[in-house]
Amino acid sequence: MTVRVSGREPLTSRPVRITGQVVGGTLDGYLRYLVIREENSNVEYWIAGSNATRSVAVLDITFALENSTRELLLNRVHRNEYVPGLMNTADHSSEWEVFEKCMASRTDTDLGHLLDLLENPASHTLHREVALGIRAFARVAQSKRSLQRQTERRLLQALGLDRYDDDTRIAIVENLGYVGSSSSLCLLGNLVEKQDEVDHVRWAAATALGRLNLSGSVPFLISGIASTHAWTRAAALLGLSRRIDERDRPEVEPMLAGLLTADDQTVRRYACLAISRFSSVQDDTSSLLLDIIESLETTVALKGYAALAMSSVISSCSERRRQRCETVLSGLVLSIRAELSEPETVWGLEFLAELSTLVELHEVAEELYSELTELFDDWRGGYYDALSLYERGESEVQIGGDELPYYRSALETLRAIETNDSQAKQAVLFRIDIVEARLGLQEAIRDWQNTFDPGQLLLLERHVRGLAAVFARYSSTPSPHQGVKRLSERERDYLVGTKRLVEVLAGTIALEATWRRGTANETEIRALLRNLTDVLRVVAEQFRGQLARGPLALASDAYREAEETLGLLENATLAWTDRERGLAPLTSELRRLFGTSTWPMPARACPISGLGRGDLTVLAEDIPGAGTVQNPYMFPSDAPAVVNLIADIHEMAPGGATRARLECEVAGSRQAQTIHAVEGPVRCDFVLPRLTPLSSAVCKFELIFEARDCTQVSAREEVYVRRQNDSS
């Protein structure tokens, strides 16, 4: 059976689009998923209707049924088994007909009918399917505060009844994660803590708490981490990772570090995700992360999430710890035997490759991307192959080999990629730009090694300045509508530094052309070298805060050479002809430095849209008005002014360091709420400050994604609001 799926991976909020065959499935309490083997790869995904901790949370799914398959399903219906969408083809009770009609239209009234069916005596099968079906009404329930409260109240009441089997109770608990509020906190928390509760009910409660933005949930989640049930522990860790930040590190890090040696590798993987929320950790914690990467007993997926955590903290690690990281990664390729059927293996290899690139182990990154190339027969195979070729080119630069054929092959491979996926096209175009600029840069450096004619040097200088324009295009913050890949601050800073280094190269060539022309005076040459030295000092300082050692070494060494030569040129005790002789060794040394420096490729892990994508919807509910300047929302004078919104997060950059928040600004007052990257709608309420009946105020809302080094506004909405007169 062929199926097409779009959804999101629960740990890092990666978007997932899959076309493949159904090859299996599980229905065991809260373990309910289909196994889809993807076309053009052997990767098998767990596909579920919601975020059950590990499964891909489905946003949309389409089944292509053959006639024979449809007949088999109809036979099940006639045997009184439930098959969604086919119950009206057989003689079933009116309750099933009501259920099917409600699922088809999904209105406020339909939600009420489902809650009635859940409360009325019925078969376990109907109760279970109704409870599962209510999950599809999350947006409907959230659209009105009164409806949300009513739905939550009735679900809480249902859990107090003893008529349901465990599967139905699990589904009801899960629903509270989508429509619940602080009223659900104690019940969900007590379920997590209850030792004699069914493990899968506790798991569902931990997942629900992880979805809800409730400050009092942390103690319950910590209690869930102590559970003996692995998936409950994992769900609690996932929920905790959505809340903690640097302020929590002293309290939380020891507990997370202790879980890095747990028996269950899934729990260890989720602990790594939580640690990736921090920008620094204790040496003992980073040592445990490196132990995971180094061990022959850990899976590629676990190694990858340990690498994700190391990528977050590597910039704050000591030189000794960084050296050990390089040693561990250098020995990694020999020990990896990828579990090719698991999607976590793909993500793990990507995270390992990114960490290898960050510490400039290009040979290791080449091998890791080569592993990924073997997994796919579609455009991704070519994409990873190009990255592997690029890394091989950087390795050749390091050893003084022949790098140009590898850059050219990477470029040809990228240009040959064909895909209808618009986001994939943007990713490929970004890589084409970067690889093309890197190839042009290295060709220019090679040409410079053999060019001494002043006229040819000036032509080469103009060519190099053209290459700088490519890096400049990505080193500013583009509009989301420009079709330019949005980068995090870290990648953008790196590209700014790269652009300046390319400009330094152009300036160095211009200096040599001026000097070799023989007509420039002493003042002109000193001014050129002084400008070059000033720029090199700035670039060296900029790269000092970056992880890239190659560009830093280039800028620092070039600055030192330029500064020494400038001191010689400004030594008035020597004749100009004696001072001028210092330019020849300077240009010779700068040729060597540029010719052997590597340039790591930036921005591997950020999605096309930057740190994330999402939508905002302002809910009018029963507020009079249209929210426009001519017809503002009118709030009564004797009650708080509350604006409700729904936020949908479609994509967020991988890694625990990225988070989302909503901001509301009105009448000079600003409020903010952190929201979690969970599938489905998230409702947020803002109580507005004192409004006046004399004039309207504009109320601005923003959905903001932020990491430690970047902030990005993904969506904006604004409405006009006003207080009613007391007499109205």
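Right above here is the structure, for reference.
These figures come from a predicted structure and were not determined experimentally. The numbering scheme is per chain: residues are counted from 1 as the chain's sequence reads. The model is predicted, so local features are restricted to residues of pLDDT at least 70 and side-chain atom pairs to those at 80 or more, both for listing and for counting; the totals for chains, interfaces and linings are taken over all residues. Note: side-chain values were computed over all heavy atoms of the structure, leaving out hydrogens and water.

## Some remarks on the environment of Pro-84
Here is step 1: Numbering of helices and strands starts at the N terminus; helices are DSSP runs of H or I of at least 4 residues and strands are runs of E of at least 2. Along the chain, Pro-84 turns up in the loop between helix H1 (67-78) and helix H2 (94-105).
Here is step 2: Overall, the relative accessible area of 58% leaves Pro-84 in the exposed class.
Here is step 3: Put simply, Pro-84 and Met-103 are 19 residues apart on the chain and 9.2 Å apart in space, counted from C-alpha to C-alpha. Only protein chains enter the area calculation, which uses a 1.4 Å probe; residues under 20% of their type maximum are buried, those over 50% are exposed, and those in between are partly exposed.

## Digging into the packing of helix H15 (residues 300-313) against helix H17 (residues 343-358)
Here is step 1: Simply put, an axis is a line fit to the C-alpha atoms, just over the touching stretch for a helix, and the angle between two N-to-C directions goes from 0 to 180 degrees. Two elements in contact, H15 and H17, have axes whose closest approach is 7 Å; the angle formed by their N-to-C orientations is 40 degrees. Seen along the crossing, H15 lies across H17 with a hand that is left-handed. Between H15 and H17, the residues in contact are Val-300, Ala-301, Lys-303, Gly-304, Tyr-305, Ala-307, Leu-308, Met-310 and Ser-311 and Glu-344, Thr-345, Trp-347, Gly-348, Leu-349, Phe-351, Leu-352, Leu-355 and Leu-358, respectively.
Here is step 2: Under the grouping applied here, Gly and all other residues not named as nonpolar or charged are polar, the nonpolar ones being Ala, Val, Leu, Ile, Met, Phe, Trp, Tyr, Cys and Pro and the charged ones Asp, Glu, Lys and Arg. Of the residues in the contact of H15 with H17, the class split is 12 nonpolar, four polar and two charged. Crossing chirality is assigned from the near helix's rotation relative to the far helix, an anticlockwise turn below a right angle marking it left-handed and a clockwise turn marking it right-handed. Contacts: residue pairs with any heavy atoms within 4.5 Å of one another.

## Comments concerning H2
Here is step 1: Between its first and last C-alpha, H2 extends 17 Å over 12 residues, near the 16 Å set by a 1.5 Å rise per residue.
Here is step 2: Buried residues of H2: Trp-96, Phe-99, Glu-100, Cys-102 and Met-103, and no others. Down the axis of H2, the smallest arc covering the buried residues is 160 degrees, so these residues share one side. Opposite the packed face of H2, turned more than 90 degrees from it, sit the exposed residues Lys-101 and Ala-104. What a helix should span is 1.5 Å times the count of its residues minus one. What the arc measures is the spread of directions leading from the helix axis to the C-beta atoms.

## Some words on the pattern of salt bridges
Here is step 1: Salt-bridge detection follows one rule: a side-chain nitrogen of Lys or Arg within 4 Å of a carboxyl oxygen of Asp or Glu. Tallied over the entire structure, the rule returns 41 salt bridges.
Here is step 2: Between Glu-38 and Arg-380 there is a salt bridge whose closest N-O contact spans 2.9 Å. Taken together, the residues span a long stretch of sequence, with Glu-38 in strand S3 (residues 31-38) and Arg-380 in helix H19 (residues 379-399) at a distance of 342 residues. For the pair Glu-38 and Arg-380, one class covers both residues: buried.
Here is step 3: Salt-bridge contacts for Arg-169 lead to Asp-166; the nearest nitrogen and oxygen are separated by 3.9 Å.

## Thoughts on the environment of Glu-412
Here is step 1: Among the secondary structure elements, Glu-412 is positioned in helix H20 (residues 404-415).
Here is step 2: For Glu-412, a relative accessible area of 55% corresponds to the exposed category.
Here is step 3: Between the C-alpha atoms of Glu-412 and Ile-432, which are 20 residues apart in sequence, the distance is 9.0 Å.

## Here's the deal with the sheet that holds strand S2 (residues 15-28)
Here is step 1: When DSSP finds at least two bridges between two strands, those strands are taken to pair. Strand order in the closed barrel formed by five strands is S1-S2-S3-S4-S5, and the pairing between neighbours is mixed. Strand-to-strand, the axes of this sheet are offset by a mean angle of 55 degrees, without reference to chain direction.
Here is step 2: Judged from the seven bridges that link them, strand S1 (residues 2-8) and strand S5 (residues 56-64) form a sheet pairing that is antiparallel. Counted as the bridge partner of Arg-4 is Thr-62 from S5.

## Quick notes on the side chain of Glu-702
Here is step 1: Residue placement: Glu-702 occurs in strand S12 (residues 697-707).
Here is step 2: At a separation of 3.0 Å, a polar atom in the side chain of Glu-702 contacts the side chain of Arg-716.
Here is step 3: When sequence neighbours within four positions are dropped, the list of residues in contact with Glu-702 reads Leu-616, Arg-661, Leu-662, Glu-663, Arg-670, Val-713, Ala-715 and Arg-716. In protein, a polar contact means a hydrogen-donor-capable atom and an acceptor-capable atom, both N or O and within 3.5 Å, with residues adjacent in sequence counting only if both atoms are side-chain atoms; elsewhere, any N or O pair within 3.5 Å suffices.

## Focus: the packing of helix H11 (residues 230-241) against helix H13 (residues 265-275)
Here is step 1: Interaxial distance between H11 and H13 falls to 9 Å at its minimum, and their mutual angle equals 5 degrees. In terms of axis orientation, H11 runs roughly parallel to H13. In this structure, H11 uses Ala-230, Trp-231, Arg-233, Ala-234, Leu-237, Leu-238 and Ser-241 to contact H13, whose residues at the interface are Thr-266, Val-267, Tyr-270, Ala-271, Leu-273 and Ala-274.
Here is step 2: Here the contact of H11 with H13 is built from residues that sort into 10 nonpolar, two polar and one charged. Any angle between 65 and 115 degrees counts as roughly perpendicular, while under 35 counts as roughly parallel, over 145 as roughly antiparallel, and the rest as oblique.

## Some remarks on the pairing of S2
Here is step 1: Looking at chain direction, S1 and S2 are connected through seven bridges and run antiparallel. Across the sheet, residue Arg-8 finds its bridge partner in S2, namely Pro-15.
Here is step 2: Of the strand pairs in this sheet, S2 and S3 are connected by eight bridges, and their pairing is antiparallel. Residue pairing across strands places Leu-27 opposite Arg-32, the latter belonging to S3.
Here is step 3: Linking S2 to S3, which pair antiparallel, is a turn of two residues; within it Gly-29 sits at a positive phi near 65 degrees.

## Remarks on a nonpolar patch on the surface
Here is step 1: A cluster of nonpolar side chains, contributed by Met-1, Ile-61, Phe-63 and Leu-65, occupies part of the molecular surface with about 310 Å² of accessible area.
Here is step 2: Mapped onto the elements of the fold, Phe-63 is located in strand S5. Patch criteria: residues need more than 30% relative accessible area and no salt bridge. Like-charged residues are merged within 9 Å; nonpolar side chains of Val, Leu, Ile, Met, Phe, Trp and Tyr are merged within 5 Å. Computed with the Shrake-Rupley method and a 1.4 Å probe, the accessible areas treat only the protein chains shown as cover for residues.

## Here's the deal with helix H9 (residues 199-211)
Here is step 1: In this model H9 runs 19 Å from its N-terminal to its C-terminal C-alpha over 13 residues, within 8% of the 18 Å that 1.5 Å per residue would give.
Here is step 2: For H9, the tally of buried residues reaches 12 of 13 residues, placing the bulk of the element in the interior.
Here is step 3: What H9 keeps buried is the set His-200, Val-201, Arg-202, Trp-203, Ala-204, Ala-205, Ala-206, Thr-207, Ala-208, Leu-209, Gly-210 and Arg-211.
Here is step 4: Buried residues in H9 make contact with S2, S3, helix H7 (166-179), helix H8 (185-193), helix H10 (218-225) and H11.

## Examining the packing of aromatic side chains
Here is step 1: Pairs were defined over the aromatic rings of Phe, Tyr and Trp, the Trp ring being its six-membered one, requiring ring centres within 6.5 Å. Orientation was assigned from the angle between planes: stacked under 30 degrees, edge-to-face over 60, tilted for the rest. Counted under the stated rule, the structure contains 13 aromatic pairs.
Here is step 2: Taking the centre distance of 5.7 Å and the plane angle of 65 degrees together, the rings of Trp-379 and Tyr-383 count as edge-to-face. Residue Trp-379 and its partner Tyr-383 are located together in helix H19, separated by four residues, close to a single helical turn.
Here is step 3: The buried category is assigned to Tyr-383, whose relative accessible area is 11%.

## Side note on the sheet that holds strand S6 (residues 612-619)
Across a sheet, paired strands are connected by hydrogen bonds in the backbone, their directions being either parallel or antiparallel.
Here is step 1: A sheet is described by the order of its strands in space; here three strands give the open sequence S6-S8-S11, paired in antiparallel fashion. The outermost strands of the open sheet, each flanked by one partner alone, are S6 and strand S11 (682-687). Averaged over all adjacent pairs, the angle separating strand axes in this sheet is 30 degrees, with direction ignored.
Here is step 2: Examined bridge by bridge, S6 and strand S8 (residues 642-652) share eight bridges and lie antiparallel to one another. Across the sheet, the residue bridging to Leu-619 is Asn-644, located in S8.

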